[in-house]
Amino acid sequence: MYENDLVFRLIIIGGFAGVFPVGMYHRLKAAQSNEKLDRRQEGLFVLATLRPIALFRMILLLAWLINPAWIDWSSIGLPVWLRWCGVGLGFATGALLIWVFRSLGTNITDTVVTRREHTLITTGPYRWIRHPFYLALLTAVTADSIVTDSWLMVLTGGILFGLIMIRTGKEEEMLIARFGDEYREMIRTRGRIFPRFGHRE
């Protein structure tokens with residue numbers, strides 16, 4: 001019953017092993033500034049819910065990686081071909097994440113607060129999208145929901161992405177306060193998480 005799951009689990013582990021070191025490298029490099037980032041500026045609701053939901057979802061994924069039978073009760077019953085589409089989306093997500101990490105460099109944070117030496121990135125995926133990291137989050141939760149074939153992964157992924165979108169409003173207020181007209185121009189010319197293909201300069 002779980003023979004396909006074994007292949008999917010090995011692929012996810014391999015993909016994680018390929019992307020995780022890149023993300024950790026850039027996060028650790030950014031953390032060398034030793035700045036204290038005030039996460040309370042995210043707002044109490046987001047602060048109290050975002051990370052617990054993300055942690056729960058990670059535990060859920062880990063449980064599936066160890067033994068799919070543990071979350072079999074939440075199975076949707078997706079066809080194998082669709083789950084392979086999820087694998088393809090996962091690979092695309094990994095490539096996008098690496099591109100985002102390399103573009104952000106030491107600007108990366110896990111909150112809405114910018115670092116003292118933060119610069120406004122307008123190259124790489126930021127040439128078309130203001131928040132490509134959140135596009136990667138959307139495609140990641142979609143991909144792993146499909147591959148794990150779990151409605152609970154769909155539900156928690158949707159909640160997680162919704163919380164990120166709520167937080168993004170505050171983040172953009174802070175970016176406008178920091179970068180002024182330069183960021184307003186990004187809002188005018190770039191989509192929030194999807195490119196504006198019809199836009200003309």
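Residues take numbers from 1 onward in each chain, read along the sequence in its written order. The predicted nature of this model means local features are confined to residues of pLDDT at least 70 and side-chain atom pairs, given and counted, to a pLDDT of 80 or more, with totals for whole chains, interfaces and linings taken over all residues. Remark: hydrogens and water are excluded; side-chain values derive from all non-hydrogen atoms of the structure.

**Some thoughts on the packing of aromatic side chains**
Here comes step 1: The aromatic pairing rule takes the rings of Phe, Tyr and Trp, using the six-membered ring of Trp, and pairs them if the centres are within 6.5 Å, calling planes under 30 degrees apart stacked, those over 60 edge-to-face and the rest tilted. Applying the stated criterion to the full structure yields five aromatic pairs.
Here comes step 2: Plain terms: the ring middles of F101 and F133 are 5.6 Å apart, the flat faces sit at 80 degrees to each other, and that makes the pair edge-to-face. On the criterion of sequence distance, the pair formed by F101 in helix α3 (residues 80-104) and F133 in helix α4 (residues 132-148) is long-range, its members being 32 residues apart.
Here comes step 3: Only protein chains enter the accessibility calculation, which uses a 1.4 Å probe. A residue is then buried if its area is under 20% of the maximum for its type, exposed if over 50%, and partly exposed in between. Overall, F101 belongs to the buried group, its relative accessible area being 6%. Runs of H or I in DSSP of at least four residues are treated as helices and runs of E of at least two as strands, each being numbered from the N terminus.

**Some words on the side chain of T156**
Here comes step 1: Here T156 is to be found in helix α5 (residues 151-179).
Here comes step 2: Take T156: its relative accessible area is 5%, and that puts it in the buried class.
Here comes step 3: Within polar-contact distance, the side chain of T156 engages the side chain of R57 at 3.2 Å.
Here comes step 4: Polar contacts, as counted here, are pairs of nitrogen or oxygen atoms within 3.5 Å of one another; within protein the pair requires one atom able to donate a hydrogen and one able to accept it, and residues that are adjacent in sequence qualify only if both atoms are side-chain atoms. A distance of 3.3 Å separates the side chain of T156 from the backbone oxygen of M153, its partner in a polar contact.
Here comes step 5: Beyond its immediate chain neighbours, meaning those up to four positions away, T156 contacts I53, F56, R57 and L60. Any two residues whose heavy atoms approach within 4.5 Å are treated as being in contact.

**A look at the confidence of the model for the protein chain**
Here comes step 1: You can read pLDDT as the predictor saying how much it trusts each residue, on a scale of 0 to 100. Of the residues in the protein chain, 97% have a pLDDT of 70 or more, and the chain-wide mean is 90.
Here comes step 2: Across the protein chain, α4 holds the top mean pLDDT of 96, while helix α1 (residues 3-31) sits lowest at 89.

**Some remarks on the side chain of T148**
Here comes step 1: Within the fold, T148 resides in helix α4.
Here comes step 2: Classification of T148 by relative accessible area gives buried; the value is 6%.
Here comes step 3: There is a polar contact of 2.6 Å between the side chain of T148 and the backbone oxygen of D144.
Here comes step 4: Here T148 is in contact with L61, W64, R83 and M153, once residues within four sequence places are set aside.

**A look at the pattern of salt bridges**
Here comes step 1: The term salt bridge refers to a pairing of a side-chain nitrogen on Lys or Arg with a carboxyl oxygen on Asp or Glu at a separation within 4 Å. Enumeration according to the criterion identifies nine salt bridges in this entry.
Here comes step 2: Across the pair R130 and E172 runs a salt bridge, and its minimum N-O distance is 2.8 Å. Pair noted here: R130 is in the loop between α3 and α4 and E172 is in helix α5, with a separation of 42 residues, a long-range link.
Here comes step 3: Here E185 makes a salt bridge to R188, at a shortest N to O gap of 2.7 Å. Placement of both E185 and R188 in helix α6 (residues 181-189) is noted, with a separation of three residues, approximately one turn of the helix.
Here comes step 4: Here the residues in one salt-bridge network are E42, R51 and R167, joined through shared partners.

**With respect to the packing of α5 against α6**
The relative placement of two packed helices is expressed as an angle between their axes plus a distance between the axes.
Here comes step 1: For helices, the axis comes from a line fit to the C-alpha atoms of the stretch in contact; other axes are also lines fit to C-alpha atoms, and the angle between any two N-to-C directions lies between 0 and 180 degrees. At a minimum axis distance of 6 Å, the contact between α5 and α6 shows a crossing angle of 135 degrees. As judged from the angle between their axes, α5 and α6 are oblique. Here E172, L175, I176 and F179 of α5 come into contact with α6, specifically with D181, E182, Y183, R184 and I187. Each angle is binned into one of four classes, with values under 35 degrees roughly parallel, values over 145 roughly antiparallel, values of 65 to 115 roughly perpendicular, and all other values oblique.

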